[in-house]
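The chain contents come next:
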Amino acid sequence: MTLRSLILFGLVLCCLVTAWGQDSCTSIFSGTIVDGAGKPVIGAAIVLLPQQHGQTSDDQGHFRFEKICKGAYTVKVQYLGYGDVQFDVAINSSLERRITIKETTTQLQTVVIQHHDAAHTENVTNFAQLDEKKIAESAGKTLGETLKEITGVNSIQTGPGIFKPVIHGVHSQRILILNHGIRQEGQQWGAEHAPEIDPFVASNIIVVKDASAIKYGADALGGTIIVNPPDLPEQGRLSGTVNTIYQSNNRSGTVSAMLEGGIGKLRGWGWRIQGTGKRGGDYKTPNYSLTNTGVKELNFSAAAGYHKERAGFDVYFSSFQTEIGILKGTSISNLDDLVDAMERPEPQYTSGFSYAIAAPRQTVSHSLLKLSGHLMTSHGEWRLQYGFQNDHRREYDLRVGDLSYIPAIDLNLYTHTLDAEWEKLHRGPWSLTLGINSMLQDNENVPGTKRIPFIPNFLSETGGVFAVTKLQLEKWSIDLGLRYDYRHYSVKGYDFKNTLYAKSFEFNNVSGTAGATLKIDDTQTLRLNLSSAWRPPHVSELFSLGTHQSAAAIEYGLLLNDSTNEIMDFNDVHFKIEKALKFVTAYERTWNRLSIEVSPYLNYIFNYTYLRPVGLTKNVRGTYPYFRYAQTDALFLGVDASASWQLFNELKISASASLLKVSDETHHDYLVFIPSNRFDLTFRYERPVAGFGKHFYAESKFKYIEKQTRSPRVVTVREIKEAEEQGLDPFNGDSSNFDFMAAPNGYFLLNLAAGISVKGGKAQYDFRMASDNTLNQVYREYTNRFRYYADEPGRNITISVKCIF
């Protein structure tokens, strides 16, 4: 199906949907919210889910929803100082309920009504979120895979099990990830360096699609991902969850458990412990096994804290450990083998299924310690947060003899962060937050690798100050932010001649954001945001040297001479820091049965730094594609669109599209590894179940990913080899971008899922079964670094059981 046909089909469907959406719904849901003494509660928030209809109770505690469609709903009630109340109802005509809420010390969490503020989004304009329900339905997937459920979010991959999130076409150092409020700082400079975060720790995940989350840092040129945990309990009752998951494709098993409670009769105190274990073997395409792609994972976290209305503190610790096999077929010894590897129907060294993980492989451990506190005074609220992180990455290569058991890359990254904020008490419609961020990083190469370090030792010192303000008018909500950042690097390393070098340099700049939200009426909202951001270079972009084993490539930094690979002086290199200007707008409209959102965006990145294919090169390790870091001006143009239609009481149809066009503006060319256009169509049947069942759903999702037609020219490995044999240079006279293989064809996927929740005594059991790539489609993903060598995994059936007690 062509893009033009899909767009035409979408327009026709939209017209039909709009016509249906005009139908009236006549049901009424009303009632009264009272406290434990039976007195009316004024101003309590009550929301009907999943439609997100919300209002507050009046001076008599009354609420009334009119023009409600018949069907099943979840009712959620929240009020400051009282415990949350949530229950399911079936609304057929008119329903009246008396809802009792009980006093507690629990702090009110934000109720998201349409697109109002969610946690850590106080001054954010454009964001989307995955709630606890959606995260639970993605259980067993990595964070990068889970986030692909959000329109506009894709991933860049290394093989079948390593996913790095991509927002509006950009990734890695251009995206901030907040884990429990702390900037996630790991070895994130490689496409195969997935975020070291266990999705089971999250109650919701928020994706900010612009640069308006300015309080967290200046380098979010693409956006920010915020992983929020649930609030700690503040009463003595013990509760928890146990998840067990099996996936058929790589025969993996996952077990995750959480236990939490209060501390005796000490009100305001709470604790939580959580752990996850995962073991999987080789993934399988429809036609062959992907040898040496197994995974091991063992994670643990613990939290404790005390919270009252005016003060509180948290202590949090987590440990994430994983071992991942790298597809053995990417290990190439000579040029003829490389030609064969890129042309043969299945990878070299392919064998039967195994749980064994051998070289090439990587092991990663990430530890996080967080201490935070807040205090409310007559002058405002003060917040202080300290974080310590240690990220230890070891990459093992295929080497002679016992060297395969010695890491070729062995890096320890130590990060200290300190954040302080002061928020002025609200005076009418205006609020102000001032803050300071500081970060100290120490990257150390562990001796004994028998190789020149891929990136050198470095010490990084970062400081930033910011101010954000919000003005709430009758129909307009205006957000403004400004920050200044400074970073200093001290670098020491060895070049290819094993000569010691030492460099020192610094960067600083200003960034800002301006956003506005217009509530046109009860059914229409318009959001606008214009942000400027900048990013200092990562040391890897300047000094990378040699084989990046787990990326199956040889890479060189910007400071390495093109001819000699000697380290050049920073002042002798034509280098400028990245700067971006991003504009995002979004229009939302809702009817009784229909809601739509359209969000076009433009992101112009000056001095965009990227890995550019250069050719082929050889070393003692073998023959590899050869990449150098380069800079250009890049334009990212795109639109995210989604629609949700409640066709019948129990049946919901959702459609979304992510369209993206990226161009190299300096050279009037295209860039490699840019996500293709994507289209999703989902049918979801959902309803309460009488008898033993509480809730049932069934879902079918159709995905279509277009071929990436906006890709550079192709110069294959065979063409390079044949040109060399004839004494010719295939790149002579043409310096434009190229790729070693043509973009793969577009593909269609069908995913199915069904689940039921069952009550059993004091526990609830959620049973779920899902099938990804149900038709066992053979395809390759353009943004997978290993698409040169292998297909994507075939059908994968997931069976999961969750116990909540």
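See the structure above.
Parameters and conventions
- Sequence order as written defines the numbering, with residues in each chain counted from 1.
- Two thresholds apply to this predicted model, a pLDDT of at least 70 for residue-level local features and 80 or more for giving and counting side-chain atom pairs, whereas whole-chain, interface and lining totals are computed over all residues.
- Excluded from the side-chain calculation are hydrogens and water; included are all heavy atoms of the structure.
- Patch building starts from residues that exceed 30% relative accessible area and form no salt bridge, then joins like charges within 9 Å and nonpolar side chains (Val, Leu, Ile, Met, Phe, Trp, Tyr) within 5 Å.
- Accessible surface is estimated by sampling points in the Shrake-Rupley manner with a 1.4 Å probe; for residues, cover comes only from the protein chains shown.
- A side-chain nitrogen of Lys or Arg and a carboxyl oxygen of Asp or Glu constitute a salt bridge if their distance falls within 4 Å.
- Strands are runs of DSSP state E lasting at least two residues, helices are runs of H or I lasting at least four, and both sets are numbered from the N terminus onward.
- Buried, partly exposed and exposed residues are distinguished by accessible area as a fraction of the type maximum, computed with a 1.4 Å probe on protein chains only: under 20%, between the cut-offs, and over 50%, respectively.
- The contact rule is simple, with two residues in contact once any of their heavy atoms fall within 4.5 Å.
- Two strands are said to pair when DSSP picks up at least two bridges between them.
- Working definition of a nonpolar core: buried Ala, Val, Leu, Ile, Met, Phe, Trp, Tyr and Cys residues. They are joined through side-chain atoms within 4.5 Å.
- With axes taken as lines fitted to C-alpha atoms, and helix axes fitted only over the stretch in contact, angles between N-to-C directions fall between 0 and 180 degrees.
- Centres within 6.5 Å make a pair out of two Phe, Tyr or Trp rings, where for Trp the six-membered ring is used; the pair is then stacked when the planes are under 30 degrees apart, edge-to-face when over 60, and tilted otherwise.
- Two conditions define a charge located above a ring, namely a distance within 6 Å from the ring centre to NZ of Lys or CZ of Arg, and an angle within 35 degrees of the ring normal.
- The directions from the helix axis to the C-beta atoms are what the arc is built from.
- We define a polar contact as two N or O atoms separated by no more than 3.5 Å, with the added condition that, inside protein, one atom must be a possible hydrogen donor and the other a possible acceptor, whereas residues neighbouring each other in sequence contribute only through side-chain atom pairs.
- By definition in this entry, angles of less than 35 degrees are roughly parallel, angles greater than 145 are roughly antiparallel, angles of 65 to 115 are roughly perpendicular, and the rest are oblique.
- Crossings are classed by handedness, with left-handed meaning an anticlockwise turn of the near helix from the far one by less than a right angle and right-handed meaning a clockwise turn.
- Just so you know the grouping, Ala, Val, Leu, Ile, Met, Phe, Trp, Tyr, Cys and Pro go in nonpolar, Asp, Glu, Lys and Arg go in charged, and all remaining residues, Gly too, go in polar.

Draft legend 1. Quick peek at a nonpolar patch on the surface. A cluster of nonpolar side chains, namely Leu-530, Leu-581, Phe-583, Leu-602, Phe-606 and Leu-637, defines an oily patch on the protein surface of about 480 Å² accessible area. Of all the secondary structure elements, the ones that give two or more residues to the nonpolar patch are β33 (578–590) and β34 (594–619). As for its placement among the helices and strands, Phe-583 is situated in strand β33.

Draft legend 2. Just the environment of Gly-325, in detail. Within the element layout of this structure, Gly-325 appears in strand β22 (residues 311–325). Taking relative accessible area as the criterion, Gly-325 reaches 7% and is therefore assigned buried. Between the C-alpha atoms of Gly-325 and Arg-97, which are 228 residues apart in sequence, the distance is 56 Å. Residues within four places of Gly-325 in sequence aside, it is in contact with Asn-292, Thr-293, Gly-294, Ile-357, Pro-360 and Arg-361.

Draft legend 3. Inspection of the side chain of Ser-30 at higher detail. As for its placement among the helices and strands, Ser-30 is situated in strand β1 (residues 27–34). Not counting the four nearest positions on each side in its chain, Ser-30 is found in contact with Phe-63, Arg-64, Leu-95, Glu-96 and Arg-97.

Draft legend 4. The arrangement of the pairing of strand β16 (residues 239–247) in detail. Both β16 and strand β17 (residues 252–263) contribute to a ladder of nine bridges, which runs antiparallel. In the sheet register, Ser-239 faces β17, and the bridge partner there is Glu-260. The hairpin turn running from β16 into β17, its antiparallel successor, is four residues long, and Arg-251 in that turn takes a positive phi close to 50°. In terms of strand pairing, β16 meets strand β43 (residues 796–804) through seven bridges, oriented antiparallel. Pairing of Asn-243 across the sheet is with Lys-802, part of β43.

Draft legend 5. How the structure looks around the nonpolar core. Membership of the largest hydrophobic core comes to 62 residues, with the highest contact counts inside it found for Phe-543, Phe-740 and Tyr-789. Those elements giving two or more residues to this core turn out to be α4 (335–343), β28 (476–494), β29 (500–521), α5 (539–543), β32 (553–556), β34, β35 (622–646) and α6 (717–725). In contact with Phe-543, not counting residues within four places along its chain, are Phe-454, Pro-456, Val-491, Tyr-501, Lys-503, Phe-505, Gly-557, Leu-559, Leu-560 and Ile-567.

Draft legend 6. Here's a closer look at the sheet that holds strand β5 (residues 71–79). Ordered in space as β3-β2-β5-β6, the four strands form an open sheet in which the pairing is antiparallel. Because the sheet does not close on itself, it has two edges, and the strands there are β3 (53–56) and β6 (82–91). Ignoring strand direction, the axes of neighbouring strands in this sheet form an average angle of 15°. Sheet topology note: the strand β2 (residues 45–49)/β5 ladder contains five bridges and is antiparallel. Pairing of Val-47 across the sheet is with Lys-76, part of β5.

Draft legend 7. Region of the structure containing the sheet that holds strand β10 (residues 163–167). Spatially, the three strands line up as an open sheet ordered β9-β10-β11, and their pairing is antiparallel. The sheet terminates laterally at β9 (153–157) and β11 (170–171), the two strands that pair on one side only. Taken together, the five bridges between β9 and β10 define a ladder with antiparallel strand orientation. Note that in β10 the partner of Gln-157 across the bridge is Phe-163.

Draft legend 8. Inspection of the packing of aromatic side chains at higher detail. Here the structure, examined in full by the defined rule, presents 33 aromatic pairs. Grouped by ring-pair contacts, the aromatic residues Phe-627, Phe-673, Phe-731, Phe-738, Phe-740, Tyr-782, Phe-786, Tyr-788 and Tyr-789 constitute a single cluster. Sitting over the ring of Tyr-396, Arg-361 keeps its end group 3.8 Å from the ring centre.

Draft legend 9. The arrangement of unusual backbone geometry in detail. The omega torsion of the bond from Ala-359 to Pro-360 falls at 0°, within 30 degrees of zero and hence cis. Phi is positive for His-180, close to 55°, though the residue is something other than glycine. By secondary structure assignment, the location of His-180 is in the loop between β12 (175–179) and β13 (182–183). With relative accessibility at 7%, the residue His-180 sits in the buried group. The backbone phi angle of Asn-292 is positive, close to 70°, even though this residue is not glycine. With respect to the helices, strands and loops of the structure, Asn-292 is situated in the loop between β20 (289–290) and β21 (295–307).

Draft legend 10. Looking closely at α4. Looking at α4, one finds that the buried residues are Leu-335, Leu-338, Val-339, Ala-341 and Met-342. End-on view of α4: buried residues confined to an arc of 160°, all on one side of the axis. Near the N-terminus of α4, the side chain that reaches the backbone nitrogen of Asp-336, with its oxygen 3.1 Å away, is that of Asn-334.

Draft legend 11. The packing of α4 against α6, seen in detail. It is at 9 Å that the axes of α4 and α6 come closest, and there the two elements cross at 150°. The orientation of α4 relative to α6 falls into the category roughly antiparallel. Considering the relative orientation of α4 and α6, their crossing is left-handed. For the pair α4 and α6, the contacting residues are Leu-335, Asp-336, Leu-338, Val-339, Met-342 and Glu-343 in the first and Val-717, Arg-718, Lys-721 and Glu-724 in the second. Here the residues of the contact of α4 with α6 sort into five nonpolar, no polar and five charged.

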